[in-house]
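In case you want the letters, here they are:
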Amino acid sequence: MSATVSSGAGLRPEPFTLVIFGATGDLTNRKLLPALYQLFAAGRLPEEFTVVGFSRRPAEEFHAKVGEALAGHARDPGFARFREGFFYTQGDFEDADAYRRLSDLLGETDRKRGTCGNRLYYLATPPSAYEAIVAALGKSGLVGHPRRSTGGGWTRIIVEKPYGHDLESARALTRTIQGVFAENQVYRIDHYLGKETVQNLLVFRFGNGIFEPLWNRQFIDCVQITVAESLGVEGRGEYYDQTGAIRDIVQNHLLQLLTLVTMEPPVAFSAEAVRGEKVKVLKAIRSLTTQDTLERTIRGQYQSGVVGGRAVPGYREEPRVAPGSRTETFVALKLFVDNWRWSGVPFYLYTGKRLPSRTTDIAIWFRRAPHLLFRETNIKEVEPNLLLVKIQPEEGITLRFGAKVPGPAVQIETVDMDFSYSTSFRVPSRDAYERLLLDAMLGEQTLFTREDEVEEAWRVVTSILEGWRASPPDPLPTYPAGTWGPEEVDALLKRDGRHWHHWA
Ligand SMILES: NC(=O)c1ccc[n+]([C@@H]2O[C@H](COP(=O)([O-])OP(=O)(O)OC[C@H]3O[C@@H](n4cnc5c(N)ncnc54)[C@H](OP(=O)(O)O)[C@@H]3O)[C@@H](O)[C@H]2O)c1
């Protein structure tokens with residue numbers, strides 16, 4: 001992949017200013033600042049690299065937070081030079097004067113630091129602020145034309161998740177954004193796409209000859225995609241209570257993973273070709289009727305329990321969660337991709353909070369061998385082959401197959417053939433935000449979701465939300481924290497004669 005994707009090839013962005021809306025927030029501190037510093041330390045940022053923070057708190061608080069977030073690097077050579085590039089505009093997103101001050105500051109940084117009118121805006125704010133900021137940027141003349149920018153340079157915008165609350169609100173947000181920015185200026189983040197192992201899925205499929213001929217309904221029995229979290233809502237109860245697992249994880253991360261597993265080979269490794277194929281396969285995912293949601297979805301909410309040896313409260317006892325909340329913290333569902341390659345193959349998606357471990361993986365189960373040759377022995381069944389793509393915490397790929405146990409009798413046991421990132425490459429995987437920030441700086445959109453991708457994902461999820469509204473389960477299934485979800489989840493696969501791979 002490094003041969004074809006720009007940032008991997010070691011390019012350096014042109015001088016520009018990164019404007020972070022929400023510069024005093026959690027995302028900026030925990031993810032953006034460390035990623036920016038790592039890029040700087042790796043020599044990936046231009047000398048003139050400039051950051052302008054924008055939020056309500058006074059400038060001193062912003063600078064103190066930057067200092068705290070990067071405290072471990074304060075003695076690094078070059079750190080002082082990195083810090084010199086940080087500026088701030090204090091203001092409210094609704095206040096037109098604040099954008100005038102921002103505009104003045106950007107003019108000044110262009111002059112003093114030679115950032116050439118190039119601007120990358122980052123919406124690290126509550127989603128409710130996105131539309132106001134975009135509209136204000138447009139009104140204040142802070143958005144250049146995609147080719148002829150007002151300041152003589154380029155303008156791009158990174159939009160964080162969640163992108164909308166359902167299909168209608170996502171479309172409304174797109175209308176606002178497209179009223180001000182052209183699609184080739186918009187970078188919608190799904191940080192899963194910045195993970196090495198996720199990108200490796202495409203290399204694994206399209207850079208190797210052996211698996212692609214098997215990658216279809218004739219050889220694959222089913223696919224299970226899991227995003228399990230052991231954490232709870234971690235102080236974000238208010239946000240999560242209005243969101244739930246299906247909006248928080250299924251609409252973006254899980255459907256993106258599903259798309260990468262199922263898409264057709266693109267004609268080139270370009271943003272338009274890759275995203276075009278992703279949209280096609282998303283369009284082929286069947287929406288669910290109310291009856292389908294009853295039969296093919298399971299949701300649940302965690303109760304108190306023990307995770308990692310520690311007693312944890314139930315979801316309804318979490319701070320800023322409504323005491324009678326019916327928000328799902330767990331979802332399992334079965335989808336179908338109605339196209340030539342995947343017709344009839346079930347895709348089981350699985351996600352939840354307070355599960356026993358933090359695990360993201362994709363299990364591709366192959367069909368059983370067509371004939372059981374060993375019937376005369378004690379062997380009644382041979383396990384089907386499994387290809388397990390491990391995304392976190394371990395990163396790698398495992399192929400599971402049957403092998404003969406040494407000895408005179410015919411006995412078969414499943415064994416694993418393993419590829420592990422850490423042992424094969426011996427370089428730590430970079431944080432997803434590093435990769436995605438660098439790509440946006442370079443104008444590389446392949447790993448960002450296009451407007452029609454987001455819309456198709458919302459179409460599927462909105463059909464489920466509507467089904468759930470029409471037939472709410474009473475009571476909502478629950479599961480003790482530290483278990484693999486509500487009891488009902490087992491039945492979803494057992495009915496089909498299958499089992500979840502992580503329960504095996
Ligand atoms: N945190 C994460 O790990 C994470 C992960 C993935 C995605 N995200 C997404 O990233 C975005 C930001 O999340 P967050 O957790 O960083 O939120 P947060 O900690 O609540 O930070 C919000 C930021 O927005 C600023 N802000 C809010 N309202 C404002 C207003 N009216 N005018 C000016 N500034 C205002 C706040 O400034 P003041 O503090 O100065 O008021 C603060 O800097 C959200 O869309 C979230 O879904 C977050």
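Bear in mind the structure is a predicted one, so any value in this text is a computation, not a measurement.

Moving on: the overall build of the protein. Scanning the protein for helices and strands turns up 15 helices and 17 strands. Principal-axis analysis of the C-alpha atoms gives the protein an extent of 85 × 50 × 45 Å. Looking at the protein as a whole, 43% of its 504 residues qualify as buried. Long-range contacts, defined here as pairs at least 24 residues apart, represent 78% of the contacts in the protein between residues at least 6 apart.

Let us now look at the sheet that holds strand 6 (residues 186–188). Sheet architecture is open: six strands sit in the order 3-2-1-4-5-6, paired in parallel fashion. Every interior strand has two partners, whereas the edge strands, strand 3 (86–90) and strand 6, have only one. The sheet shows a mean angle of 20 degrees between the axes of neighbouring strands, direction not considered. Where strand 2 (residues 50–55) meets strand 3, five bridges bridge the pair, whose relative direction is parallel. Residue pairing for strand 3: Gly53 is matched across the bridge by Tyr88.

Moving on: the site of the ligand. If you check the shell around the ligand, you find 20 residues, and the closest are Gly22, Gly25, Asp26, Leu27 and Ser55. Ranked by the residues each element gives to the shell around the ligand, the list is headed by helix 1 (residues 26–41), at three residues. For the shell around the ligand, the per-class residue count stands at eight nonpolar, five polar and seven charged.

Moving on: unusual backbone geometry. Along the chain, Lys161 connects to Pro162 via a cis peptide bond; the corresponding omega equals 5 degrees. You can see Pro162 is positioned in the loop between strand 5 (155–159) and helix 6 (167–178). Each neighbour pair has its own omega, and for Gln392 with Pro393 the value is 0 degrees, a cis peptide bond. Relative to the helices and strands, Pro393 resides in the loop between strand 14 (386–392) and strand 15 (396–404). In this structure, Arg320 is a non-glycine residue whose phi angle is positive, near 60 degrees. Topologically, Arg320 is positioned in the loop between strand 10 (310–312) and strand 11 (330–336). Notably, Arg354 is not glycine yet its phi reads approximately 55 degrees, a positive angle.

Let us now look at helix 4 (residues 96–113). With 18 residues, helix 4 should reach 26 Å at 1.5 Å per residue; the first-to-last C-alpha distance of 25 Å fits that figure. Buried within helix 4 are the following residues: Tyr99, Leu102, Leu106, Thr109 and Asp110. Along the axis of helix 4, the buried residues cluster in a sector spanning 100 degrees; they form a single face. Those residues of helix 4 that are exposed and angled more than 90 degrees off the buried face are Asp97, Asp104, Gly107, Glu108, Arg111 and Lys112. The secondary structure elements touched by the buried residues of helix 4 are strand 1 (17–21), strand 2, strand 3, strand 4 (119–123) and helix 5 (130–139).

Turning to the domain arrangement of the protein, a few remarks are in order. Structurally, the protein comprises domain 1 (7–160) and domain 2 (193–503). Going through the elements one at a time, helix 1 and strand 5 are the ones with two or more residues in the side of domain 1 that touches domain 2. Looking at the side of domain 1 that touches domain 2, its residues break down into nine nonpolar, two polar and three charged.

In this section: the packing of helix 10 (residues 271–283) against helix 14 (residues 451–470). Where helix 10 contacts helix 14, the axes come no closer than 9 Å and their chain directions differ by 15 degrees. Between helix 10 and helix 14, the angle is such that the two are roughly parallel. In this structure, the crossing between helix 10 and helix 14 has a hand that is left-handed. Along its contact with helix 10, which presents Arg275, Lys278, Val279, Leu282 and Lys283, the element helix 14 presents Asp452, Glu453, Glu456 and Ala457. Of the residues assigned to the contact of helix 10 with helix 14, the class counts are three nonpolar, no polar and six charged.

Rules behind the numbers
Residues numbered from 1 in each chain as written. Predicted model: local features only at pLDDT ≥ 70, side-chain atom pairs only at ≥ 80, totals over all residues. Helix = DSSP H or I, 4+ residues; strand = E, 2+ residues; numbered from the N terminus. Buried ≥ 20, exposed ≤ 12 C-beta atoms within 10 Å, placed from the backbone. Contact = placed C-beta atoms within 7 Å. Pairing = 2+ DSSP bridges. Axes fitted to C-alpha atoms, helices over the stretch in contact; angles between N-to-C directions. Near = placed C-beta within 6 Å. Nonpolar A, V, L, I, M, F, W, Y, C, P; charged D, E, K, R; others polar. Expected span 1.5 Å × (residues − 1). Arc of directions from axis to C-beta. Domains from an automatic or database assignment. Parallel < 35°, antiparallel > 145°, perpendicular 65-115°, else oblique. Left-handed = near helix turned anticlockwise from the far one by under 90°.

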